[in-house]
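What follows is the residue order along each chain.
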Amino acid sequence: MTMNRQSNLYTVIYSVVLVVIVGVVLSIVYQALRPQQEENIANDTKRQILAAALIVPSENRSVAELYSTHITDSYIVNTEGERVDANIDPFSVNVSLEVKKPAAERILPVFVCDTQSGVKYIVPVYGAGLWGPIWGYVAFNSDGDTIYGAYFAHQGETPGLGAEIEKPAFSSQFQEKDIFNSEGMFQSVKVVKNGQEPTEGSYVHAISGGTITSQGVQRMLENSLEPYSAFFKKLSQGKEVEK
Amino acid sequence: MNLKKTFLPLVNPLSKENPVIVQVLGICSALAVTAKMEPALVMTISVTAVLALSNVIISLLRNTIPTSIRIIVQLVVVAALVVIVDQVLKAWNYEVSKALSVFIGLIITNCIIMGRLEAFALNNRPWQSFLDGIGNGIGYGVILVIISFFRELFGSGTLMGYQIFPQSWYEAGYMNNGMMILPPMALILAGCIIWVHRAKNKDLQE
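Given the structure is predicted, the values throughout are model-derived calculations rather than measurements.

J.: Any chance you could explain the overall build of chain A here in plain terms?
T.: Counting secondary structure elements, chain A contains 6 helices and 8 strands. Listed N to C, the secondary structure of chain A is α-α-β-β-α-β-β-β-β-α-β-β-α-α in terms of helices and strands. Computed over the C-alpha atoms, the radius of gyration of chain A is 23 Å, more than 25% above the 18 Å expected from 2.2 N^0.38 for a compact globule of 243 residues. Judged by the C-alpha coordinates and their principal axes, chain A covers about 90 × 45 × 40 Å. Within the span of chain A, comprising 243 residues, buried residues form 31% of the whole. Within chain A, counting contacts between residues at least 6 apart in sequence, those at least 24 apart form 55% of the total.

Take a look at the structure:
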């Protein structure tokens with residue numbers, strides 16, 4: 001039987017068959033490649049966490065290997081600074097959803113990293129830049145106050161301007177900054193323009209031409225680090241975070 | 001069959017019928033992915049693969065496609081191939097896939113692909129269509145590589161990520177040209193390539 005190629009029936013059957021075939025092929029491809037993709041995404045997150053603690057993978061040491069040797073523990077704390085025994089993997093916490101919740105309801109992942117200069121505590125930060133999300137990880141010394149290192153990333157900030165936040169030239173400024181003032185109040189780290197340095201408190205220099213992204217970094221740090229205040233206080237008093 | 005005639009679809013798009021500098025198609029992605037050479041090369045390979053495969057598939061189907069929905073059929077085939085390329089890149093070259101981000105998805109809208117399907121694959125045999133796809137993909141890629149070569153060399157001082165200009169130059173006061181990193185410079189470079197190309201091919205001058 002030959003069908004008229006211009007008939008409606010032929011057109012409908014043709015499109016249905018085509019879409020079904022394409023759908024099947026795509027789902028097979030997706031299923032076959034998914035494990036590899038998930039591993040890549042996990043490795044990328046591990047690389048970012050390690051970057052905050054200033055550990056960079058090299059040719060002969062893979063990210064996964066470095067992660068398993070350096071990250072000795074990871075857990076979740078609440079805003080009281082108490083360790084929560086939830087059955088949640090800190091690694092798979094979606095920080096982008098957590099920062100939108102009221103501070104008291106957030107679950108706060110902490111990664112404990114063993115480095116050559118002592119134990120560091122790495123926490124994730126997440127916020128908004130000019131064009132899209134910005135995020136990062138900040139590593140703290142065991143005094144729960146001084147930043148050991150920071151890593152920032154972005155989705156689509158302007159190249160050469162806002163996108164510079166991912167460069168070490170920007171993130172290395174955060175090293176040795178305190179997030180609590182001398183009275184022990186949370187102050188975060190301000191991102192300020194040249195010539196507008198505050199007289200007290202920690203600050204770093206903003207990126208010229210990347211004002212909105214820089215302000216985004218400041219807001220991100222305030223919003224993401226503040227809920228950890230109680231946890232950092234406990235660290236500074238030398239208390240182990242009890243289970 | 002005449003050998004020269006067989007390979008005409010492969011050779012023509014490299015210069016005389018180049019999709020970017022003669023037909024001025026696919027300019028949008030030429031601006032977006034040419035700041036560095038590596039994404040430009042991956043984009044070239046991706047576009048060539050999608051173009052060749054969709055050309056073959058459409059050419060095989062050309063006598064069955066209902067004319068009233070032929071554009072939709074072409075889009076479905078191209079979109080499916082692009083999703084496959086995107087998934088493969090995410091699995092095998094995650095870094096580059098991050099750098100290219102949305103531009104892989106935008107291969108669907110690359111005018112070269114729809115143009116070749118409409119103009120060539122619907123009227124020609126699969127083998128010819130395959131050569132046409134490869135030829136146009138390479139023709140597109142050659143321009144991308146030339147543009148990204150200049151943009152990366154003068155914008156970042158590197159090629160394929162390797163430092164070309166020694167540190168001593170920077171200490172002596174040499175600076176990377178920030179303009180090279182920004183998209184408008186790709187358009188200006190494409191214009192320069194068209195200028196040189198037309199000057200060499202008098203028959204293309206209007």
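J.: Is there a simple way to explain the interface of chain B and chain A in this structure?
T.: One frequently used descriptor of interface size is the decrease in accessible area upon assembly of the parts. Contacts between the two partners involve 16 residues from chain B, matched on the other side by 20 residues from chain A. Of all elements in the fold, only α5 (70–92) and α11 (178–181) of chain B reach the threshold of two or more residues within the side of chain B that touches chain A. Per-element tally for the side of chain B that touches chain A: the top contributor is α5 of chain B, with 9 residues. A breakdown of the residues in the side of chain B that touches chain A according to their chemical character gives 11 nonpolar, 4 polar and 1 charged.

J.: Explanation requested: the nonpolar core in the structure shown.
T.: Across soluble globular proteins, nonpolar side chains have a tendency to be buried as a group. Formed by 50 residues in total, the largest nonpolar core has its most connected members in Ala52, Ala53, Ile122, Val123, Val138 and Ala139 of chain A. Looking at this core element by element, the count peaks at 6 residues for strand β5 (residues 133–140) of chain A. Sequence-distant contacts of Ala52 of chain A, defined by excluding residues within four places in its chain, comprise Ile122, Tyr137, Val138, Ala139, Gly149, Ala150 and Tyr151 of chain A. The next biggest cluster of nonpolar side chains, apart from the first, holds 44 residues, and it includes Val33, Ala40, Phe120 and Ala190 of chain B.

Criteria and thresholds
Residues numbered from 1 in each chain as written. Chains lettered and ligands numbered in written order. Predicted model: local features only at pLDDT ≥ 70, side-chain atom pairs only at ≥ 80, totals over all residues. Helix = DSSP H or I, 4+ residues; strand = E, 2+ residues; numbered from the N terminus. Rg over C-alpha atoms; globule rule 2.2 N^0.38 Å. Buried ≥ 20, exposed ≤ 12 C-beta atoms within 10 Å, placed from the backbone. Contact = placed C-beta atoms within 7 Å. Nonpolar A, V, L, I, M, F, W, Y, C, P; charged D, E, K, R; others polar. Core = buried A, V, L, I, M, F, W, Y, C linked by C-beta atoms within 7 Å.

In short, shape yes, function no, at least from these values alone.
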